Amino acid sequence: MDAREAPSQRPDTLDITMEDGSNAASAGDSLEAPSNLVPFKDNILPQEESIDLGGAEFATPHEDSSATPSESLMDRLNDQMMESVMISDSPNNSEEEDVAPMDSFLDGGEDLKPAREDEGKEGSQEQPFNQLQAVFSGTDDPFATALSLSEVDRRHDAWLPSEETRKVLISVATQQYSPAYVESSRLTMPGLKFDNLQVDAVKDLMLRFLGEQAAMKRQVLTANSVEQSVIGLKQLVSSKNWRAAVDLTGRLLTAHGQGYGKAGQPTSHTTDSLQLWFVRLALFTKLNLFQNAELEFEPFGNLDQPDLYYEYYPTVYPGKRGSMVPFSMRLLHAELPQYLAKPQEALDRLHHLETICLAILDNLEKGLAEDGSMVTLTQENRQASLKLWRSRLGRVMYSMANCLLLMKDYILAVETYHSIIQYEPQQRVQLLSGIGRIFLQIGDVKMAERYFQDVEKGCQKGGPVTNTTCVLMNRAFVYLSQNNYTEAHATFLEVLKIDPKNPVANNNAAVCLLYLGRLKESLGQLEGLVQQDPTSYLHESVLFNLTTMYELESSRSTQKKQALLEAVACREGDSFNTQCLKLA
């Protein structure tokens, strides 16, 4: 069936509308900057985050490492600040087309675990999934490895089912009745609803502007050109061929018996099939196909059906307890409604996740296991579990705060971020900076400055370079909000002395030059960045700024945009947003 890429309605973003007036233009190549530039378009957490399969993993690494979501907070803030000064007809600036912040839907590396031999018992369709391997370094003892795997699984799979689901699982575990007799209304019966997503907008533009011969040189990976397995899926995702990756997830799920026409039919789930569903739904979200994601999410309900728990399959997973649903999939499910103009529903789902995380932490702090059972945990394992679930709670709280921002409930959003500081005091500098930038976006410069002053007081001399950079960036954004482009430019240059490759500072320094009427310098700086480091600077926001400058600078802007299109064609996958080139 043909894909129906339903148009998505996205939530409002926070913009600062600049007051009229600008600094005097310099002589010579001066050109007054357009008056409709918008210097900030940012939420405290950005929408863009790479999908990292991490070897044999589908999710990003925060939870299994020492990192927490807040440790990369300023990186994420700064990623949004790549768009800090953009012209208002940007495809990323309109209310209808703006991309909502995607905090953490692929934010936990714990979520994909190795295929188990017992899963292969369900049939030959399991072959694509059995290639996943777990590697535990430091020991060759298979018994120790098994114990380690068991403990890691228990910690990550823990969940608290509803009372109704718990009764069903107990009945199955005590053999009061077979899973075969569970009412179908209580089961999860998903199936694919969309295919044929392998549209290449870059190639279409090349056909239109550069001709068929040039378009034929465009080479990207497709679902047909990679191994039909998780290995191939990793290739597609890492090369940003996300549409092709969606199609490959469909093929792999079809092999699992959950393909087209299978919705509403009984099926068995494994950790691997649920990982594939998570990746597929996350990719829909990354591609802004929010309604597609919602429709394919529907059969999963609230992710609490009995057949999503290991206890439902006692012969396949003997003695194993917990949920097969990745935590990141739960978070994605909770966040999704806000991208469909239903932020209150998203907030309700996030509150439910918060309640579960708090209950699990309470159990651990009382000396119990995550699920409240009397399982004996070593001190090391208990601390590891506490760390994991505090991290998960933090992720939920970040998402709640973002949702509140989208609802324009700034007071509760700021309160939520303050509560995160209580959990993660080591991230105080980054979080206070983020809160200050929220106030900048809503036009309260004085309150923003108060937060930034607190940041500066907390940054001792000789402290981490990241703190110094953070302080300088805060000052630069205040100058921008005051239309003081001379000081803003000078401050961005100070950042670049410390961190010459800082893409946010480089981009904003160039745009400050535009505001100062120094168009040729601004163009030269952005062009140089794109040419010298295309990996970092073939960024849609940078390209939009560059194409806008071409329109101001030259009647040959179309030819120059086409040159950028050729550069994009050599490096970007099928998920690239061609609107930034302003050719269509």
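Residues numbered from 1 in each chain as written. Predicted model: local features only at pLDDT ≥ 70, side-chain atom pairs only at ≥ 80, totals over all residues. Heavy atoms only, no water.

- As annotated in an unreviewed UniProt entry, the protein is Trafficking protein particle complex subunit 12 from Oryzias melastigma.
- In the Subunit (unreviewed entry) part of its UniProt record, the protein is described as follows: "Component of the multisubunit TRAPP (transport protein particle) complex, which includes at least TRAPPC2, TRAPPC2L, TRAPPC3, TRAPPC3L, TRAPPC4, TRAPPC5, TRAPPC8, TRAPPC9, TRAPPC10, TRAPPC11 and TRAPPC12. Interacts with CENPE."
- Recorded under Function (unreviewed entry), the UniProt text for the protein is reproduced unchanged: "Component of the TRAPP complex, which is involved in endoplasmic reticulum to Golgi apparatus trafficking at a very early stage. Also plays a role in chromosome congression, kinetochore assembly and stability and controls the recruitment of CENPE to the kinetochores." (UniProt positions renumbered as here; feature names shortened; annotations may be inferred.)

**Here we look at unusual backbone geometry**
Then comes step 1: Phi at Ala-341 is positive, roughly 60°, even though this residue is not glycine.
Then comes step 2: Within the fold, Ala-341 resides in the loop between α10 (327-335) and α11 (343-365).
Then comes step 3: On the basis of relative accessibility, which here comes to 44%, the residue Ala-341 falls in the partly exposed class.
Then comes step 4: Phi at Asn-483 takes a positive value of approximately 65°, unusual for a residue other than glycine.
Then comes step 5: Topologically, Asn-483 is positioned in the loop between α16 (465-481) and α17 (485-498).
Then comes step 6: What makes Asn-483 buried here is its relative accessible area of 11%. (Helix = DSSP H or I, 4+ residues; strand = E, 2+ residues; numbered from the N terminus. Buried < 20%, exposed > 50% of the residue type's maximum accessible area, 1.4 Å probe, protein only.)

**Some words on the pattern of salt bridges**
Then comes step 1: By the definition in use, this model includes 19 salt bridges.
Then comes step 2: Among the salt bridges present, the one from Glu-345 reaches Arg-349, with a minimum N-O distance of 2.7 Å. With Glu-345 and Arg-349 both in helix α11, this residue pair falls 4 residues apart, about one helical turn.
Then comes step 3: On the basis of relative accessibility, which here comes to 30%, the residue Glu-345 falls in the partly exposed class.
Then comes step 4: Here Lys-366 makes a salt bridge to Asp-362, at a shortest N to O gap of 3.0 Å.
Then comes step 5: Here Lys-366 falls in the exposed class, since its relative accessible area comes to 58%.
Then comes step 6: Via salt bridges that share partners, Glu-151, Arg-154, Arg-155 and Glu-370 belong to a single interconnected network. (Salt bridge = Lys/Arg side-chain N within 4 Å of Asp/Glu carboxyl O.)

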